[in-house]
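Close look at the chain arrangement
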Amino acid sequence: MLLLAAAPGVASADLTHARDRFLHGDYDGARRELKAITGRDADEAKLTLIDLAVRTGDYEEALDLARQLSHSPARAIATAARVRVAVVYRKTGRYTEAATELSPLVKAHGKNLRARYLLARTELDLGQKKRANALLESFISDWNRGHIQQDNAENLLYVALAARFLAAFQDANDSFRDAVSLDPKLLRANLEWGYLFLDKYSAGYAEQSFDEVLKVDPHYPDAHAGMARVKLDQSYDVAAARKHIDDALAVNPKHVPSLLIRAGLEIDQNRWDAAKKTLAEALAVNPNASEAQALLATVYWLRDNTAEYTALEHKILASHPGYAPLYHIIARSAVREHRYSEAISLEKQAVKLDPDYYEAMAAVGTGYLRLGDEKNGLSWLKKAWKGDPYNVRTYNTLELFEKTIPEHYSFTQTEHFKIRYHNDEKAILRRYVEPLLERAYGQLVARYGFTPKQPIVVELFQNPDHYSVRTIGLPNLGALGVCFGRVITAMSPSRGHINWAMVLWHELSHVFAIQLSNSRVPRWYTEGLSEYETTLARPEWRRENDADLYAALVENRLPSVTDLNHGFTNPDTRDVVVAYYLSSVVIEYLARTYGFDRIVYGLKLYGQGLETPQVLEKITGKTIPEINADLRAYLERRLAPYKGSFVVPTSGYDDTTKLAIAADAAPDDAGARAALALGYFFEGDARRSFAAAERALSLDPKNKIALYITAELAVHDRDFPEAKRRYKKLIAAGGDSFDVRGRLGWIAAQAGDVDEAERQLCIAKRLDPERSYPYKVLAKLYEKVGREADALDELAHFVMLEQMEDGPARQLALAYAASKSWTKARAYGELALHIRPNDPELLIALGNAYLHTRTAKRALFTFESALVATPEMKRPALAHIGRAKALLALGRKREAHAAIDAALAIEPRNAEALAVEAKLKP
């Protein structure tokens, strides 16, 4: 009797344990236990099995089991099973069947909140917004009348979801919070809360919600999909997003939300066939998935395939009337492809279809701002904010334009530009920014034979958050400048560490590429062209990434010219670096080989709707394989100085388990053991990396990878004599390289051995003339031992390689001015001004350099700049003295008298001022 009485308890315990396993992501363990449960808990176990099957994408299994249970004599079990039948129907796009299943349940069991909510969502799937809203509003009505138990977490979840879809976002937020507080194990509450935050562009809060879910269940596909969106929204971190997508699809290969995110990334990369393949996977699961269909329509729209687009548009709206997100989804990609005016039209179509679609309304406003139409932009944003006062981007943008910009910023106008400055900086910046922009404009018009729409708007923001919000509506934008085809936003030169002149020249080049191509130029072509234009403008503005290009060449990682766009969103940052740089090198190759007029012709071909393969074949007269072969030969000639350099391989070392199996399978293969050592090295496992490397060296004492690893680990352990010995063995084994010589030079510098450091670092320079590291180390070393002239020579090379660092250029200008080397002071002073034009001390030194190189007019301009620079000069008398000298050289004695009087009024005993005054006396 005791045993019989205990049996139900055992079953109950098993069910609890199985559900706990499910909760914590042990899906296989949970499935085994649930299938083994018999007795009175068997049906409850089957319900949980259905939920597990849905989670892992086993939809047909879930449906079969749910249908069986729907005939259970236990009413509660049958109802719960029928709700799950509807869940599977919705997941697989059988919306009409789902509604048919749910409608009688809701009618008969009105208190079944899950059924009611699912029916509302199904009505939305069918485009029946009025019926859906009536169901959703019933949640709020019942809640207000006390008909819904308010201390039940699951009830709160459904109330929150209803509020979310009714745009009562504060109520939704509060209810989600209460649900999570009441039952932290109700993971779906935190999950849906995260998606609410994503809808309102609060990716940071969304990340917290998804993270809480993944702490409990590290395999939850919906949470991984949400986290993928977070990574893209926060910083467009494709590597992190793809990792979460892969994690989700590993659990559920039919997980449509993850497939859609992957397809969106493929569309961003212009990988049309890959996107269509992914979307076909999603549509195989749910043939009526509106978002999947909208993304497929996006592909057709972007490729100007009007017939396919129109047919699919009609199909979508026929099956889902009023599906306004169709146009909003396409518009997102239109913006990424620089088609800003068309994006506005698409968003307006969305608003026309759904007048309460505030997200699309806000996008119209943002679109107008991208075109420089602030009146229309703010009007639309205000309407959007009135309807949805929880959109963070809308709030940020309105705050910026209604409060910050009117108080702190204003426009100036030149012949071709309308330029917005911070009021505190306007006086100084316009003296340098405006002439540079007009000069660049003139050169580009001549080169392209094209005049863009005017005025071109350039907005320079003193505060990084102002710049970021103006550009994307959110803070923390990483880019230095952004071009919207007619509007350029950028950081103000006052921030320093930004070569503002290079950035503006680069962005202005985009204006020509975007407009001349009718907004259809792919990213690789316009980025490559802008990089090429900056190198034509000033040689020192060239990127120095030949070493990265050489490594990609050696490792066979160079993409085809038709795949360059893919690299910009590649999860491997090395490929992103190569994509940017190779794009500019391809443009350089095409321009030098076929003439720049063919580059311009290419832009026009893109404007006609042609794709990259067609464009390249037309401008070269060759096939893509021939172009790739010619480009490779060009690169091999260009990269000849790197030939023979030891390159540490980086691809194929992520899976150390696989590498260990390969090494164990070939115990006498030093290469396999060294590969394993490199895998551990990249993982940061020093102990196992060293052991594997030593094993490789016991098999082959000249194995370069193993020698490199052991030398690097010795440096990490600060065993410099051992590191030096290992590096020298590596060189003797044929592993010479810039990195090796750089390490030896650094070790010598640490030991104070100037001669050895000099020898090693000079060899490093020869092995890679583009990298700045040896120059920087030698400059510091020479300065330390009093070889100041040599230190300046090293810095002079350094500044030609590092375009964004103002410190060394400024140091050179001031040092050469102090030694009266005026020609050099002038050259490096001008370089420094491209980074920091509002530095009074620099301006005084440069003004004196102009005076002594007989450029009095320029000297006068520079001294006057010093007087309006911010912060103000500590000794403005120096600028007045310089002005007096320049005016005297120009024969403008009366003005020179006034200038020297101003200097003496500030510093009555200044000897230099008194000397100039003496010269001015008759």
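Scroll up to find the structure.
My aim in this report is to walk through the structure given alongside it, one point at a time.

Rules behind the numbers
- Residues numbered from 1 in each chain as written.
- Predicted model: local features only at pLDDT ≥ 70, side-chain atom pairs only at ≥ 80, totals over all residues.
- Heavy atoms only, no water.
- Core = buried A, V, L, I, M, F, W, Y, C linked by side-chain atoms within 4.5 Å.
- Buried < 20%, exposed > 50% of the residue type's maximum accessible area, 1.4 Å probe, protein only.
- Helix = DSSP H or I, 4+ residues; strand = E, 2+ residues; numbered from the N terminus.
- Contact = heavy atoms within 4.5 Å.
- 1 Å grid on protein atoms, 1.4 Å probe; cavity = no way out; pocket = protein on both sides within 12 Å on 5 of 7 lines; lining within 4 Å.
- Points joined across faces, edges and corners; volume = space filled by probe spheres on them.
- Nonpolar A, V, L, I, M, F, W, Y, C, P; charged D, E, K, R; others polar.
- Pairing = 2+ DSSP bridges.
- Axes fitted to C-alpha atoms, helices over the stretch in contact; angles between N-to-C directions.
- Parallel < 35°, antiparallel > 145°, perpendicular 65-115°, else oblique.
- Left-handed = near helix turned anticlockwise from the far one by under 90°.
- Phe/Tyr/Trp six-rings, centres within 6.5 Å; stacked < 30°, edge-to-face > 60°.
- Expected span 1.5 Å × (residues − 1).

**Quick word on the nonpolar core**
Core analysis: the biggest nonpolar cluster contains 272 residues, and Tyr-448, Leu-504 and Leu-508 have the highest contact counts within it. The element contributing the most residues to this core is helix α26 (residues 500–516), with 12 residues. Residue contacts for Leu-508: discarding those within four places in its chain leaves Phe-417, Leu-437, Ala-440, Tyr-441, Leu-444, Ile-456 and Ile-488. Counting residues in hydrophobic clusters, the runner-up holds 33 residues, among them Phe-646, Ala-660, Ala-663 and Ala-674.

**Focus on empty space enclosed by the protein**
Under the defined criterion, the tally for this structure stands at two cavities of 30 Å³ or more. As a volume, the largest cavity reaches approximately 70 Å³. Of the pockets and cavities examined, the second largest cavity occupies roughly 30 Å³. Looking at the lining of the second largest cavity residue by residue, the class counts come to four nonpolar, one polar and one charged.

**Structural notes on unusual backbone geometry**
Here the amide bond leading from Gln-454 into Pro-455 is cis, since omega sits at -5 degrees, within 30 degrees of zero. Take Pro-455: it is sitting in the loop between α24 (426–448) and β3 (456–461). Between Thr-870 and Pro-871 the backbone carries a cis peptide bond, its omega angle lying at 0 degrees. Residue position: Pro-871 is located in the loop between α46 (856–868) and α47 (876–889).

**Details of the side chain of Glu-266**
Looking at the element boundaries, Glu-266 is found in helix α15 (residues 256–268). Using a relative accessible area of 7% as the deciding quantity, one classes Glu-266 as buried. Filtering out sequence-adjacent residues up to four positions away, Glu-266 remains in contact with Arg-271, Ala-274, Ala-275 and Thr-278.

**Regarding the layout of surface pockets**
Estimates place the volume of the second largest pocket at around 540 Å³. Around the second largest pocket, the lining is made up of 28 residues, and of these Ala-551, Val-647, Val-648, Asp-739 and Arg-771 lie nearest the centre. Residue assignment for the lining of the second largest pocket shows that the elements contributing at least two residues are α28 (546–554), α30 (573–594), α35 (670–683), α37 (704–716) and α39 (738–750). When its residues are assigned to classes, the lining of the second largest pocket shows 15 nonpolar, four polar and nine charged.

**A few points about the pairing of strand β1 (residues 409–413)**
Looking along a regular strand, one sees side chains alternate from face to face of the sheet. Bridge count between β1 and strand β2 (residues 417–422): five bridges; the pairing is antiparallel. Note that in β2 the partner of Thr-412 across the bridge is Ile-419. The turn linking β1 back onto β2 is made up of three residues.

**Focus on the packing of helix α22 (residues 374–387) against helix α23 (residues 392–408)**
For the pair α22 and α23, the least separation of the axes is 10 Å and the interaxial angle reads 135 degrees. Comparing the axis directions of α22 and α23 gives the class oblique. For α22 against α23, the interelement crossing comes out left-handed. Mapping the contact onto sequence places Glu-374, Leu-378, Leu-381, Lys-382 and Trp-385 in α22 and Thr-394, Tyr-395, Thr-397, Leu-398, Phe-401 and Glu-402 in α23. Here the contact of α22 with α23 is composed, by residue class, of six nonpolar, two polar and three charged.

**Things to note about the packing of aromatic side chains**
Each aromatic ring pair is described using two quantities: the centre-to-centre distance and the angle formed by the ring planes. The tally for this structure, following the rule as stated, stands at 29 aromatic pairs. Between Tyr-195 and Phe-210, the aromatic rings sit 5.1 Å apart at their centres with planes inclined by 70 degrees, giving edge-to-face as the arrangement. A residue pair is termed long-range when its members are at least 10 positions apart, and Tyr-195 in helix α11 (residues 187–199) and Phe-210 in helix α12 (residues 203–216) qualify at 15 residues. Each of the two residues, Tyr-195 as well as Phe-210, counts as buried. Relative to Tyr-634, the ring of Tyr-589 lies with its centre 5.2 Å away and its plane at 50 degrees, an arrangement referred to as tilted. Here Tyr-589 is found in helix α30, whereas its partner Tyr-634 is found in helix α33 (residues 624–638), with 45 residues between them in sequence. Side by side, Tyr-589 and Tyr-634 carry an identical accessibility label, which is buried. The rings of Phe-417, Tyr-441, Tyr-448, Phe-450, Phe-512, Tyr-532 and Phe-596 are connected pair by pair, giving a single aromatic cluster.

**Here's the deal with the sheet that holds β3**
Spatial ordering of the open sheet is given by β1-β2-β3-β5-β4, a layout of five strands whose pairing is mixed. Each edge of the open sheet carries a strand with a single partner, namely β1 and β4 (481–483). For this sheet, the mean inter-axis angle between neighbouring strands, taken without regard to orientation, is 15 degrees. Where β4 lies against strand β5 (residues 487–491), three bridges are found, and the strand directions are antiparallel.

**A short note on helix α10 (residues 169–182)**
Between the first and last C-alpha of α10 there are 20 Å, a value that for 14 residues agrees with the 20 Å anticipated at 1.5 Å per step. Among the residues of α10, those classed as buried are Phe-169, Ala-172, Asn-173, Ser-175, Phe-176, Ala-179 and Val-180. Of the surrounding elements, those touching the buried residues of α10 are α9 (153–165) and α11.

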